[in-house]
Amino acid sequence: MKNFLFLAVTFLLLSACSSKKSLVSKSFDKQLSSSFYKNQFTGVLVIDAETKDTIYTNNSDKYFIPASNTKIFTLFAALKTLPAQIPAIKYIKTNDILYFEGTADPSFLHPYLKDSTALNFLQNQSNLVFVANNFQDEKYGPGWAWDDYQWYYSAEKSALPIHGNVVMTYKNPKLIVSPPYFKDSVLEMTHTNNRNETSNRFYYPPTKKDTLETPFITSDQTTRSILENLLSKKVGIASTMPSGEKGTLYGSNADSLYVRMMHESDNFIAEQLLLVASGVLTDTLNGKLTRDYILENELKDLKQEPRWVDGSGLSRYNLFTPQNMVSVLDQLYSLVSQERLFSIFPAGGLSGTLKNRFAGDEKPYVFAKSGSLSNNYCLSGYLIANSGKVLIFSFMNNHFKQSTSEERNRLEQMLQTLRDTY
């Protein structure tokens with residue numbers, strides 16, 4: 001009798017689950033077969049976080065341009081390789097001289113993160129020599145748009161970034177320039193660009209009232225000059241570190257960088273985190289080293305091998321499948337506590353890039369990373385259904401000519417169906 005009751009209950013539960021899947025499938029199939037999706041390419045995968053059952057799949061093994069969904073892989077790489085506090089600089093002290101090198105830490109005097117750990121440390125040293133040979137990467141990622149050089153989301157990568165590698169200009173009421181080293185390089189005048197393409201000459205329109213953030217051209221000499229201006233002391237440059245064991249100064253809390261990267265879709269932090277990770281893994285700053293290590297060791301079982309070329313998703317050379325995204329999201333769900341994980345991801349209707357979208361009735365039900373490039377919109381993350389079940393999903397839409405706003409509206413309808421049905 002007990003066995004019969006157990007089998008009966010199991011049958012009813014399976015039937016109910018099957019019925020929910022059927023309702024979701026019918027709704028999604030109807031939506032995706034509409035004329036709106038006719039001339040675009042869409043892939044979807046939804047699974048149950050606990051049972052790993054597939055709730056819905058469509059083109060989930062096909063490759064898509066992920067845009068900033070790439071940052072999900074960057075987050076995974078960082079969580080797998082970096083300590084709780086980010087390495088700020090590495091150094092060796094010999095004969096009263098402190099030789100130091102960058103770790104690619106993006107938080108050093110970052111305009112929003114404002115970490116001054118390295119600055120305070122260097123201020124207490126008498127003789128400083130900056131060693132700049134550990135950066136073995138390109139300042140831009142492959143496939144980045146060349147004419148984005150003047151926009152904050154395309155700041156250059158470097159070994160020792162300062163102030164996010166951007167010049168911040170605003171009025172209060174006089175013109176304020178930060179870092180102050182560039183104050184004589186900013187002209188208060190109307191110009192077609194925010195900066196000259198090949199030099200650190202900046203322009204701030206006299207009628208502008210808000211803050212302008214413009215990337216500056218990085219170099220070893222520029223880094224030294226900014227440091228000398230900040231420290232009010234001379235800084236030497238050397239090509240190699242002296243022999244000996246390097247000390248490591250640790251700075252900002254890693255989660256503060258992860259939250260900023262995911263909530264604000266901060267491209268600069270994403271790129272620098274891959275560099276920081278490569279420095280931890282190999283003592284060389286090169287993003288490809290991190291990507292290769294993660295794919296060959298931590299993600300070797302992905303069903304489709306992605307093309308992963310940068311940390312931010314700025315490049316259209318990136319190619320990932322919905323299955324790739326869900327697989328990494330699933331591993332993150334096991335790696336990090338739900339509370340911490342959901343705080344790192346933007347919450348629908350509450351925070352970050354989802355603040356004005358995907359809101360719940362009383363509390364957030366979507367915790368996800370969006371990704372946008374012209375004609376592409378993706379959203380991947382976690383959904384809490386009304387039943388309390390956690391679902392892992394990836395919706396990837398490429399090559400549409402309609403407005404991104406309409407793409408989001410239709411996706412929101414499907415997410416609401418998931419929430420209310422499953």
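This section reports on the structure supplied with the text. (Residues numbered from 1 in each chain as written. Predicted model: local features only at pLDDT ≥ 70, side-chain atom pairs only at ≥ 80, totals over all residues. Heavy atoms only, no water.)

## Here we look at the overall build of the protein
Within the protein, the regular secondary structure consists of 10 helices and 15 strands. Its C-alpha atoms give the protein a radius of gyration of 24 Å, within 12% of the compact-globule value 22 Å for 422 residues. Taken along the three principal axes of its C-alpha coordinates, the protein extends 85 × 50 × 35 Å. A burial count over the protein gives 52% of its 422 residues as buried. Relative to all contacts within the protein whose residues are 6 or more apart in sequence, the contacts with residues 24 or more apart total 67%. (Helix = DSSP H or I, 4+ residues; strand = E, 2+ residues; numbered from the N terminus. Rg over C-alpha atoms; globule rule 2.2 N^0.38 Å. Buried < 20%, exposed > 50% of the residue type's maximum accessible area, 1.4 Å probe, protein only. Contact = heavy atoms within 4.5 Å.)

## What to know about the side chain of Thr214
Mapped onto the elements, Thr214 comes out in strand S10 (residues 212-215). Note on Thr214: relative accessible area 3%, which makes it buried. For Thr214, the contacting residues outside a window of four places in its chain are Gln150, Val166, Val167, Asn194, Arg195 and Phe202.

## Things to note about the sheet that holds strand S7 (residues 175-178)
With respect to topology, three strands assemble into an open sheet ordered S7-S6-S10, the strand pairing being antiparallel. Since the sheet does not close on itself, it has two edges, and those belong to S7 and S10, each with one partner. Direction aside, neighbouring strands of the sheet carry axes that sit 20 degrees apart on average. Relative to S10, strand S6 (residues 166-171) is paired through four bridges, and the arrangement is antiparallel. Across the sheet, the residue bridging to Met168 is Glu213, located in S10. (Pairing = 2+ DSSP bridges. Axes fitted to C-alpha atoms, helices over the stretch in contact; angles between N-to-C directions.)

## Side note on the packing of helix H2 (residues 70-81) against helix H6 (residues 267-282)
Two elements in contact, H2 and H6, have axes separated by 10 Å at closest approach and are oriented at 35 degrees. Here the hand of the crossing between H2 and H6 comes out left-handed. Contact residues: Lys71, Thr74, Ala77 and Thr81 in H2; Asn267, Ala270, Leu273, Leu274, Ala277, Val280 and Leu281 in H6. Residues of the contact of H2 with H6, tallied by class, amount to seven nonpolar, three polar and one charged. (Left-handed = near helix turned anticlockwise from the far one by under 90°. Nonpolar A, V, L, I, M, F, W, Y, C, P; charged D, E, K, R; others polar.)

## Details of the layout of surface pockets
Taken as a whole, the largest pocket holds about 620 Å³ of empty space. Lining the largest pocket are 30 residues, with Tyr152, Tyr153, Glu264, Ser265 and Asp266 positioned closest to its centre. Breaking the lining of the largest pocket down by element, the ones donating at least two residues are H6 and strand S13 (366-373). Among the elements that line the lining of the largest pocket, the one with the most residues is S13, at five residues. Quantified by volume, the second largest pocket comes out at close to 350 Å³. Contributing to the lining of the second largest pocket are 19 residues, with Leu45, Lys303, Gln323, Val326 and Ser327 lying nearest its centre. Elements that contribute at least two residues to the lining of the second largest pocket include exactly strand S1 (41-48), helix H7 (287-298) and helix H8 (322-335). No other element matches the six residues that H8 contributes to the lining of the second largest pocket. Looking at the lining of the second largest pocket, its residues break down into five nonpolar, eight polar and six charged. (1 Å grid on protein atoms, 1.4 Å probe; cavity = no way out; pocket = protein on both sides within 12 Å on 5 of 7 lines; lining within 4 Å. Points joined across faces, edges and corners; volume = space filled by probe spheres on them.)

## Looking at the pairing of strand S3 (residues 85-94)
Judged from the five bridges that link them, S3 and strand S12 (residues 247-253) form a sheet pairing that is antiparallel. If you follow Tyr91 over to S12, its bridge partner there is Gly247. Bridging between S3 and strand S4 (residues 97-102) involves six bridges; their strand directions are antiparallel. Across the sheet, residue Lys93 finds its bridge partner in S4, namely Leu98. Counting the residues in the hairpin turn of S3 and S4 gives two residues, including Asn95, whose phi is positive at 55 degrees.

## A short note on the side chain of Glu156
Mapped onto the fold, Glu156 is located in the loop between strand S5 (127-131) and S6. In this structure, Glu156 is in contact with Lys139, Tyr140, Asn165, Phe216, Ile217, Thr218, Phe268 and Gln272, ignoring residues within four places of it in sequence.

## Remarks on the packing of H2 against H8
It is at 10 Å that the axes of H2 and H8 come closest, and there the two elements cross at 35 degrees. Considering only the axes of H2 and H8, their crossing is left-handed. Contacts between H2 and H8 involve Thr70, Ile72, Phe73, Leu75, Phe76, Leu79 and Lys80 from the first element and Asn324, Met325, Val328, Leu329, Gln331, Leu332 and Leu335 from the second. Broken down by class, the residue content of the contact of H2 with H8 amounts to 10 nonpolar, three polar and one charged.

## Some remarks on the pairing of S6
Where S6 lies against S7, four bridges are found, and the strand directions are antiparallel. When the sheet's bridge partners are listed, Met168 is paired in S7 with Ser178. In textbook terms, the turn of a hairpin is the stretch between consecutive antiparallel strands, and for S6 and S7 this stretch comprises three residues.

## Some details on unusual backbone geometry
Backbone geometry follows two general trends: most residues other than glycine have a negative phi, and most peptide bonds adopt the trans configuration. The residue after Asn172, namely Pro173, is reached through a cis peptide bond having omega -15 degrees. Structurally, the position occupied by Pro173 is in the loop between S6 and S7. Cis rather than trans, the peptide bond between Ser178 and Pro179 has omega equal to 0 degrees. If you trace the backbone, Pro179 turns up in the loop between S7 and strand S8 (186-187).

## What to know about the nonpolar core
Among the nonpolar cores identified, the biggest contains 52 residues, and Leu75, Tyr258, Leu332 and Phe345 are the most heavily contacted of them. Beyond its immediate sequence surroundings of up to four residues, Leu332 is in contact with Ile72, Leu75, Phe76, Leu79, Leu341, Phe345 and Tyr382. Listed in part, the 28 residues of the second largest apolar core include Leu98, Phe130, Leu160 and Phe202. (Core = buried A, V, L, I, M, F, W, Y, C linked by side-chain atoms within 4.5 Å.)

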